[in-house]
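Each chain, letter by letter, is given below.
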Amino acid sequence: MYFYIFDPGKDKEVKYFERIQGRLLNLLAEHHIEGETYRVTSIRTVELLAQQAIGLEARTIIVVGSDSTLNRTINTLVRSKADITVGFISLDPDSRLGQIFGISPDIGESVKTLAGRLVTPLDLGEINEHYFLSKVELGENQFPQLEPGLFGLASMRKFMKLAPFEVNLSLDDLYKVSSEVFGAQIINCRNNQGCRVKLGDPTDKLLDILLLNKLSASQIIRYRRELATGCLDNVPGSTIMHAKKVDVLGPRKLPLSIEGQVYTKAPATITVAKQQIKMIVGKGRQF
Amino acid sequence: MGIMTKREEYDGSAPETVVGASVKIEGDLASEGDIRVEGFVTGKVKTTKNLYVGPQARIEADVDAGNAVIAGNVKGEIKIKDNLLIQETGKVAGNISCARLSITEGARFMGSCTMAMPEAGDTEPIPEEE
């Protein structure tokens, strides 16, 4: 049985969702993957609906919403140790997870992907009993993909404001890493578009650790375009390591965030979770 | 021997590990893929693939690798299965064991070197002059 969680989100997405809802239901019927549909409200949260799907012994949950809706659904499923396949239809044209999993922002294409049912077990990262698909950013310096602006000036101004920080890690209890960095990421999977190195394969049972060395003002100016891609490895001299378990030893209270939201502070342990999630992916997936 | 710089070039093999110039590592740095060191490592460095030690790198560790190019400073026992190249900026203090060794002019090496001798059957006979 297919169990659909419709999460229109807020404002702009709601209008978009209402516009496409009829077409989406028709497409699902056309591809014979229709099922029970539930809409998220302030009372019926994503977590409650995911629990309901588990109770109804659904074989597949299709999340129609944002990356955040998908993350919340997966967290509920993994915590409940539910063996349910997850599909995703993104209502956000810039969905990072959609791009990673090869799910087109076009409704018609994403329904085709679901109907194709190419199921892949994917690794999850775990941090303080919170599971994540993408990456953890250490410190306050975030590196989203930016529009560099004229001659890269807009992005340069942003990066000039960032301050370097010290980071101390222990990897797989084998070796300790210390460095003064400008940015640090622990990646389970990421959008590799525009990146020099292909990192974040969610099927390799490894986390990729990416450290961006401290940069001088002249280096920030020189590498402003590389920084604006959001791929720290585009800047020469970056550190790339791989581990199953990363202990963030310090400095104490260093914030650790996922998708811009702080989840915990150092010291903390990030691991590849024992559980995997079965996900319907597209042919254009990045791994 | 070519040290690869992009992970795409691996085509399914283990990923590359890169230790940047400002990074300090203490412990056993082991990888199933290539390792490139530009920073400071103490402890052990181990890979079955290729190891590249950059000109600014400093390693105070025992090294075990498939192939290696050393352009920096290495202090410790070095065991290389196949080729070892010490480049002109390389400084090695420690005993080496490898199958093939190349030392570029200007490089510094202090220690002993053990190389497996080819067996009698492996050598090609010298053709007799007519």
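As shown above, the structure is provided for reference.
Trainee: Report on the overall build of chain B, specifying residues and quantitative values.
Mentor: Within chain B one finds zero helices and 15 strands. Taking all 130 residues of chain B together, the buried fraction comes to 37%. Restricting to contacts in chain B with at least 6 residues of sequence separation, those with at least 24 account for 6%.

Trainee: An account of the pairing of strand β8 (residues 135-138) of chain A is needed here, citing residue identities and associated values.
Mentor: All names here are of chain A. Burial of the side chains of β8 extends over both faces: Lys135 and Glu137 are buried on one face and Val136 and Leu138 on the other. Bridging between β8 and strand β10 (residues 175-187) involves four bridges; their strand directions are antiparallel. Bridge pairing links Val136 to Ile186 in β10. With two bridges connecting them, β8 and strand β14 (residues 255-258) associate as antiparallel partners. Note on β14: the bridge partner recorded for Glu137 is Ser257.

Trainee: Could you give an account of the interface of chain A and chain B, with specific residues and numbers?
Mentor: Between chain A and chain B, the residue contacts involve 19 residues of the former and 21 residues of the latter. Among the secondary structure elements, those contributing two or more residues to the side of chain A that touches chain B are β10, β11 (207-213) and β12 (239-243) of chain A. The element contributing the most residues to the side of chain A that touches chain B is β10 of chain A, with six residues. Taken together, the four bridges between β10 of chain A and strand β2 (residues 24-31) of chain B define a ladder with antiparallel strand orientation. Residue Ser178 of chain A lies in a different strand from β2 of chain B, and its bridge partner there is Lys24 of chain B.

Trainee: If you had to explain the nonpolar core to someone new, which residues and values would you point to?
Mentor: Residues and elements named next belong to chain A. Counting residues in hydrophobic clusters, the biggest one holds 111 residues, and the most contacted among them are Ile5 and Ile209. Per-element tally for this core: the top contributor is β10, with seven residues. Taken together, domain 1 (2-117) and domain 2 (130-272) each give at least three residues to this core, which thus spans both. Apart from residues no more than four positions distant in its own chain, Ile209 is found in contact with Leu169, Leu171, Ile186, Met241, Ala243 and Val246.

Trainee: Tell me about the environment of Gly90 of chain B, residues and numbers included.
Mentor: Along the polypeptide, Gly90 of chain B turns up in the loop between β10 (83-86) and β11 (91-93). In contact with Gly90 of chain B, other than residues within four places in its own chain, are Ile70, Ala71, Gly72 and Ala107 of chain B.

Trainee: Lay out helix α2 (residues 46-55) of chain A with the relevant residues and their values.
Mentor: Residues separated by three or four positions in an α-helix point in the same direction, a consequence of the helix having 3.6 residues per turn. All names here are of chain A. Within α2, the full set of buried residues consists of Val46, Leu49, Ala50 and Ala53. Looking straight down α2, one finds its buried side chains confined to an arc of 100 degrees; they lie on one side. Taken from the residues just after α2, Glu57 is the one with a positive phi, measuring 55 degrees.

Trainee: Tell me about helix α6 (residues 153-160) of chain A, and name the residues and values.
Mentor: Residue and element names in this part refer to chain A. Turning to α6, its buried residues number three or more, namely Ser155, Met156 and Phe159. For α6, the buried positions fall inside an angular range of 105 degrees around the axis, keeping them on one side. Residues of α6 that are exposed and point over 90 degrees away from its buried face: Leu153, Arg157 and Met160. Buried positions along α6 lie against α7 (217-222) and α8 (224-228).

About the cut-offs
- Along every chain, residues carry numbers that run from 1 in the direction the sequence is written.
- Each chain takes a letter, starting from A, and each ligand takes a number, starting from 1, following the order in which they are written.
- Predicted model: local features are reported for residues with pLDDT of at least 70 only, side-chain atom pairs are reported and counted for 80 or more only, and whole-chain, interface and lining totals are derived from all residues.
- Here a strand is any run of E in DSSP of at least two residues, a helix any run of H or I of at least four, and the numbering for each starts at the N terminus.
- Any residue with 12 or fewer other C-beta atoms within 10 Å of its own C-beta is exposed, any with 20 or more is buried, and the rest are partly exposed; the C-beta atoms used are placed from the backbone.
- Throughout, a residue-residue contact means that the two C-beta atoms, derived from backbone geometry, are no farther apart than 7 Å.
- Paired strands, as defined in this entry, are two strands with at least two bridges between them according to DSSP.
- To count as a nonpolar core, a set of buried Ala, Val, Leu, Ile, Met, Phe, Trp, Tyr and Cys residues must be joined through C-beta atoms within 7 Å.
- Bear in mind that the domain bounds are from an automatic or database domain assignment.
- Here the arc refers to the set of directions running from the helix axis out to each C-beta atom.

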